[in-house]
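So the chains spell out like this:
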Amino acid sequence: MSMHLTNLGRVDQFAPALSIPLVAGFVRTGFPSPADDYLEGELDLVDHLIQHPSATYFLRAKGTSMEGVGIYDGDLLIVDRSVEPRPGHIVIMSVDGELTCKKLSTIGNRPYLVAANPEFRPIPLFGRECQVWGVVTHNIHSLAPGFSV
Amino acid sequence: MIALVDCNNFYVSCERVFQPRLEGQPVGVLSNNDGCVVARSQEIKDLGVAMGMPAHKIEPHVRKQCTLLSSNYALYGDMSRRVTDVLGQHTPHVEVYSIDESFLSFEGFAPESLIGRCQAMRTQVRRDTGIPVSVGLSTSKTLAKLANHRAKKEPHFGGVAIMDPGSDDTRAYLEQLPVSEVWGVAHRSAVRLHTLGIETAWQLREASPKHLRKHFSVVMERIVYELRGVNCIELDDMTEPKKQIMVSRSFGRLTQNKTDLQEAVRVHAARAGEKLRKQSGLAQAIMVFVRTNRFRSDLPSYSKSVVVPLPGATCDSRALIRAAGAGLEQIFKQGIWYQKCGIMLMDLCNHENEQLGLLGEAENDETRQRNERLMATLDQLNREHGKGTVRLGMHRKVNAWELRCEHRTPRYTTRWDELKEVSL
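Naming follows an unreviewed UniProt entry, where chain B appears as Y-family DNA polymerase of Vreelandella malpeensis. If you open the UniProt record of chain B and go to Sequence similarities (unreviewed entry), you find "Belongs to the DNA polymerase type-Y family."

Chain A carries the name Translesion error-prone DNA polymerase V autoproteolytic subunit in an unreviewed UniProt entry, which gives Vreelandella malpeensis as its organism.

Structure below.
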């Protein structure tokens, strides 16, 4: 038995995915879908969570000192540099040239960085080379194995 | 009024945002394949490390004090986009001139409010991106550029300097400024200007534009008007040949067609390659940009650029075209009416410097010589038989370029697996 084959060309593995817009209800065959009137745009989580895109950065949490506020090792922090830092905010702070994540706080009128874990002592900020890098607005933590953040 | 916003020591500043311990330290950024120094912090400048210096020529005792990093174009490109975004919040008219410089038009704003506005803009760029910038204000691009230089060098300006074209202060400044320091005046032109008795920027301002047009070109005539405060220069005329090569053009009419853009980007990259080889230069990276007509407020506006590192310093049109095509692929968006696209070759260095630095270069001498002969033949054919006689077609996409970049910092803002780690 023989079979005729035509070579149509190679598949380009590196070509970007072709996205085809779905236009529901465009062709009027039969009854229009009653759902057409309720179609809305997709929900965009980034758009929903991030107020200032050009000032927002993603950072990776490393360590255990903030477990009390629900930040665990490996979590994804969303950090907005344009937010004015206030006591009570979880902030990214540059202390002696290194970035750390803690709660900004005052103890007796003096600024401190406070961990959310009783094993860590508050870090006094006075007399130190330090600067707020940004305010943590959200933390993304994965709850299902196999779903990375 | 026109503002030139320039990021201070841009590449180094980007690195410092994510490594604050580098603040105040001598830091240099190396070209692709870690060949020569392409960006320097003030501290490393003070140690006498020159621009373009091959890394291995830095004295060991100096080198010991410095942090030398491989270039991280993904990071610089993303930070540049963020800076441009913030600038766009202050005026709708932003024209990107290079990865770290933009011209802003403040048409219609009250001039007396501009210093305050620009201060606020500068503070916001610093806050949102961590990048320090300087702003120069004047009525022409050339004067804005000089004002920017002053904003950087003279601390009393607080980062924002304004130059009134008619003021005594401006006159005094131009009178002491060598003509070679004026934007767009190349070294060779400066020598010829000297023979005409023009040695300072003020003398150039006072010269007859018509006369200079005859001796030089229409660009020199425009520079004279620019120094008088008349804005008449197009950015395309004004790339500094030793630093960057820009080729861009507006489409005859607006287009949505991707093939049009691909074709234009290919032609621009090939043309830039010719210019590059003419000055015996090598480029390290290529920026591709597209934009809509900003005066068509009835259409969605879109302006985007991307920096693609080249596979080693190169002047090979094929590599340039391939990289430019890959860049366009990243920024092209469907359904947009494009007015203009272009490419810019960045971080140029010269042949000798780079070849000294390329110890572990994969391309052997024989291949390189063959490629150089091919490019030379190509240029010759196009010169003798007219532009575009021999053209390069689109090449197979290459999705990974392995560069030598031992000291590259993570791509903090563009890769999920390379995000900045922060210790809790």
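This part covers the interface of chain B and chain A. Facing the 17 residues of chain B at the interface are 26 residues of chain A. Take the side of chain B that touches chain A: its biggest share by element is four residues, from strand β14 (residues 420-423) of chain B. When grouped by side-chain class, the residues that make up the side of chain B that touches chain A number five nonpolar, three polar and nine charged. The pairing of strand β1 (residues 56-62) of chain A with β14 of chain B spans four bridges and is classified as parallel. Among the inter-strand pairings, K62 of chain A is bridged to a residue of β14 of chain B, identified as S423 of chain B.

The next thing to look at is the environment of C101 of chain A. Residue placement: C101 of chain A occurs in strand β4 (residues 98-107). By C-beta crowding, C101 of chain A is classed as buried, having 29 other C-beta atoms within 10 Å. In this structure, the C-alpha to C-alpha distance between C101 of chain A and W133 of chain A, residues 32 residues apart in sequence, is 9.7 Å. In this view, C101 of chain A contacts A61, M66, L77, I90, I92 and V136 of chain A together with V422 and L424 of chain B; residues no more than four positions away in its chain are not counted.

So, on to helix α12 (residues 258-278) of chain B. Residues and elements named next belong to chain B. The terminal C-alpha atoms of α12 lie 30 Å apart, and with 21 residues this matches the ideal 30 Å at 1.5 Å per residue to within 8%. What α12 keeps buried is the set A264, V265, R266, H268, A269, A270, A272, G273 and L276. Where α12 is buried, its residues contact β9 (245-255), β10 (281-291), α13 (317-331) and β12 (338-346). Where α12 ends, the next residue or the one after it, S280, has phi of about 50°, a positive value.

This part takes up the sheet that holds strand β6 (residues 101-105) of chain B. Residue and element names in this part refer to chain B. In spatial order, the strands read β5-β6-β1-β7-β8; together these five strands make up an open sheet with mixed pairing. Whereas interior strands pair on both sides, the edge strands pair on one side only; in this sheet they are β5 (94-98) and β8 (160-162). The average undirected angle you get between the axes of adjacent strands in this sheet is 20°. Pairing analysis gives three bridges linking strand β7 (residues 133-138) to β8, with the strands arranged parallel. Counterpart to V135 in the pairing with β8 is V160. Seen against the sheet, helix α4 (residues 73-88) touches β1 (2-7), β5 and β6 and runs at an angle of roughly 150° to β5.

Criteria and thresholds
- Throughout, a residue's number is its position along its own chain's written sequence, starting from 1.
- Following the order in which they are written, the chains are lettered starting with A and the ligands numbered starting with 1.
- Note on the predicted model: pLDDT of at least 70 is required for a residue's local features to be given, and 80 or more for side-chain atom pairs to be given and counted; whole-chain, interface and lining totals, by contrast, use all residues.
- UniProt positions are given in the numbering used here, feature names are shortened, and annotations may be inferred rather than shown by experiment.
- By definition, residue pairs are in contact when their C-beta atoms, positioned from the backbone, come within 7 Å.
- A helix here means a DSSP run of H or I that spans at least four residues, while a strand means a run of E at least two residues long, and both kinds are numbered starting from the N terminus.
- Residues are grouped as follows: Ala, Val, Leu, Ile, Met, Phe, Trp, Tyr, Cys and Pro are nonpolar; Asp, Glu, Lys and Arg are charged; all remaining types, including Gly, are polar.
- Pairing between two strands requires that DSSP report at least two bridges joining them.
- Put plainly, a residue is buried at 20 or more neighbouring C-beta atoms within 10 Å of its own, exposed at 12 or fewer, and partly exposed in between, counting only other residues' C-beta atoms, which are placed from the backbone.
- For a helix, the expected span equals 1.5 Å multiplied by the number of residues minus one.
- The axes are straight lines fitted to the C-alpha atoms, using for helices just the contacting stretch, and the angles between their N-to-C directions are given from 0 to 180°.

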